[in-house]
Structure formats: structure tokens, C-alpha cells
Amino acid sequence: DCFYLYEEAKIRAAANRLREDFAGADFLYSIKANPHPLVLKTVLSQGFGADGASLAEVPAAQAAGLPPGQLQYSAPGQTQRDLAGALGRCILIADSLGEIDRIQSLAEAAGTPVRIGVRLHPDFAFSGEAAAPSKFGIDAAQFFAQVARLRALSHVKICGLHVHLRSQELDAGVLTRYHARLFGLAEQFEHVLG
């Protein structure tokens, strides 16, 4: 028989080290990394928020005691059922302008204002060159051109920015330059949205 053995003390120690090494930062645990209820509860008990990539991860985070404002649900191509099932239970991350409009319609019908984040596809690539087209996220220029309309939506408040261009990069120089560009985009986002 095969089994996995997780040591709670090691999980807690790793979480503490991360918080110490990046003092002042807030962290989201990617539930898809390990959704086991006891692992999830241990990580979240260390003050982490969570990122859900499927609708099933939303109630899993809630069962582990995470409040809606600390859970982000960011899955590309969310169906109407996904959006309706997550509405009011987390911060939805919209992957397209059409998805923002669908969230607005659902929230208006439910009579519930919601906070959302938006996934943007910036005008730069991970290594700094010009961006290639992507099937994920709203083109940043397109988003900024629509800000006035989006700010006027009655049941949607945009409260966050989500960008993901690549995983598994370990070169500190590449990461530093990438994050500098991200902070520039975040400052523009904050300025434009007020």
C-alpha cells in the first residue's frame, strides 16, 4: 500500500519561515497544490489566504475556516454555474471583460454587491520583451480603455489585480526585473482606479 505522510510541524515551520523572509507580505496558498482538508486547515491557520482554481476549492477553503475576503477564485473560462456558485463566497478574479459583465448581472440579480479582481495580460513578457498574445487575461490596454465603464457598474467593485505569465522561474535577476515591471503595472492600476 502507498500513502502520503505530512508532518504538521514542518508545514507550520515552512509557513513561518516564509512569513519571516517576506515580512509585511500577505500570502495566498494555492489549494490545488494540496487540497487535503488537514493540510489546508494547517496552512490557513498560519494566517494565509487562499487561491482556488476550481469551484470545489471554494467550499473547501470555507470548511477550513477561511472568510470570503481572504479567498480568491481565479480559474480561466469560468462557466455561469462557476460564477454563480462562487458569488459572495470569495473574491472572483475575472479573466475577460465579458466575465466582468456576467458577474455584474449575477450580482445585480442576487442584490449582492461583490468585490472582484481582474486578471490582466500586460504589454510585457516575463523576460521583458514585448508581450505575445495570450488566451488568458484581459489585454491591459483594453482594460484601461474600459475603466470608466467598469467603475460605473452598480454591483461590481474592482479591488485587485492578478497577473500570471509563467511558473517555475528560479533566476533571481529575471524575477526581480519581472516584479519591478509588475509593480509599475500595479501603480498604474491603482492610479487609474483611484
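It should be noted that the structure appears before, not after, this text.
I will try to describe carefully the structure that is included in this document.

Basis of the calculations
- Residues numbered from 1 in each chain as written.
- Predicted model: local features only at pLDDT ≥ 70, side-chain atom pairs only at ≥ 80, totals over all residues.
- Heavy atoms only, no water.
- Helix = DSSP H or I, 4+ residues; strand = E, 2+ residues; numbered from the N terminus.
- Rg over C-alpha atoms; globule rule 2.2 N^0.38 Å.
- Buried < 20%, exposed > 50% of the residue type's maximum accessible area, 1.4 Å probe, protein only.
- Contact = heavy atoms within 4.5 Å.
- Areas by Shrake-Rupley, 256 points an atom, 1.4 Å probe, with all protein chains shown as cover.
- Lys, Arg positive; Asp, Glu negative; His and termini not counted.
- Charge placed at Lys NZ, Arg CZ, Asp CG, Glu CD.
- Core = buried A, V, L, I, M, F, W, Y, C linked by side-chain atoms within 4.5 Å.
- Salt bridge = Lys/Arg side-chain N within 4 Å of Asp/Glu carboxyl O.
- Expected span 1.5 Å × (residues − 1).
- Arc of directions from axis to C-beta.

Description of the overall build of the protein chain
Then comes step 1: The secondary structure content of the protein chain amounts to eight helices and seven strands.
Then comes step 2: At 18 Å, the protein chain has a C-alpha radius of gyration in line with the 16 Å of a compact globule built from 194 residues.
Then comes step 3: Over its C-alpha atoms, taken along the principal directions, the protein chain stretches across nearly 55 × 45 × 35 Å.
Then comes step 4: Looking at the protein chain as a whole, 40% of its 194 residues are labelled buried.
Then comes step 5: The long-range share in the protein chain, meaning contacts at least 24 apart out of those at least 6 apart in sequence, stands at 51%.
Then comes step 6: With the model as given, the accessible surface of the protein chain reaches about 11300 Å², and the carbon-plus-sulfur share is 55%.
Then comes step 7: Counting 18 positive and 20 negative side-chain charges, the protein chain places the averaged centre of each group 3 Å from the other.

With respect to unusual backbone geometry
Then comes step 1: One non-glycine residue, glutamine 168, adopts positive backbone phi at about 65°.
Then comes step 2: With respect to the helices, strands and loops of the structure, glutamine 168 is situated in the loop between strand 7 (156–162) and helix 8 (172–193).
Then comes step 3: On the basis of relative accessible area, glutamine 168 is assigned to the exposed category, the value being 76%.

What about the nonpolar core?
Then comes step 1: Membership of the largest hydrophobic core comes to 52 residues, with the highest contact counts inside it found for Leu92, Ile100, Ile103, Ile116, Val118, Phe143 and Ile158.
Then comes step 2: Not counting residues up to four positions away in its chain, the partners in contact with phenylalanine 143 are Val118, Leu120, Ile138, Leu150, Ile158, Phe189 and Leu193.

Overview of the pattern of salt bridges
Any two side chains of opposite charge can pair, on the condition that their charged atoms come close.
Then comes step 1: Under the definition given, this model contains four salt bridges.
Then comes step 2: Ionic pairing is found between aspartate 21 and arginine 17, a salt bridge with its closest N-O pair at 3.3 Å. Of this pair, aspartate 21 and arginine 17 both sit in helix 1 (residues 8–21), four residues apart, which is roughly one turn of the helix.

Observations concerning the environment of phenylalanine 126
Then comes step 1: You can see phenylalanine 126 is positioned in the loop between strand 5 (114–121) and strand 6 (138–139).
Then comes step 2: Considering only alpha carbons, one finds phenylalanine 126 and alanine 63, 63 residues apart in sequence, at a separation of 36 Å.
Then comes step 3: When residues no more than four places from it in sequence are discounted, the contact partners of phenylalanine 126 are Leu165, Arg166, Glu169, Val174, Leu175, Tyr178 and Arg181.

What to know about helix 8
Then comes step 1: With 22 residues, helix 8 ought to run about 32 Å at 1.5 Å a step, and its terminal C-alpha atoms sit 31 Å apart, in line with that.
Then comes step 2: Within helix 8, the full set of buried residues consists of Val174, Tyr178, Leu182, Leu185, Phe189 and Leu193. The arc enclosing the buried residues of helix 8, seen along the axis, measures out at 65°, which places them on a common side. More than 90 degrees from the buried face of helix 8, the exposed residues found are Ala172, Thr176, Phe183, Glu187, Glu190 and His191.

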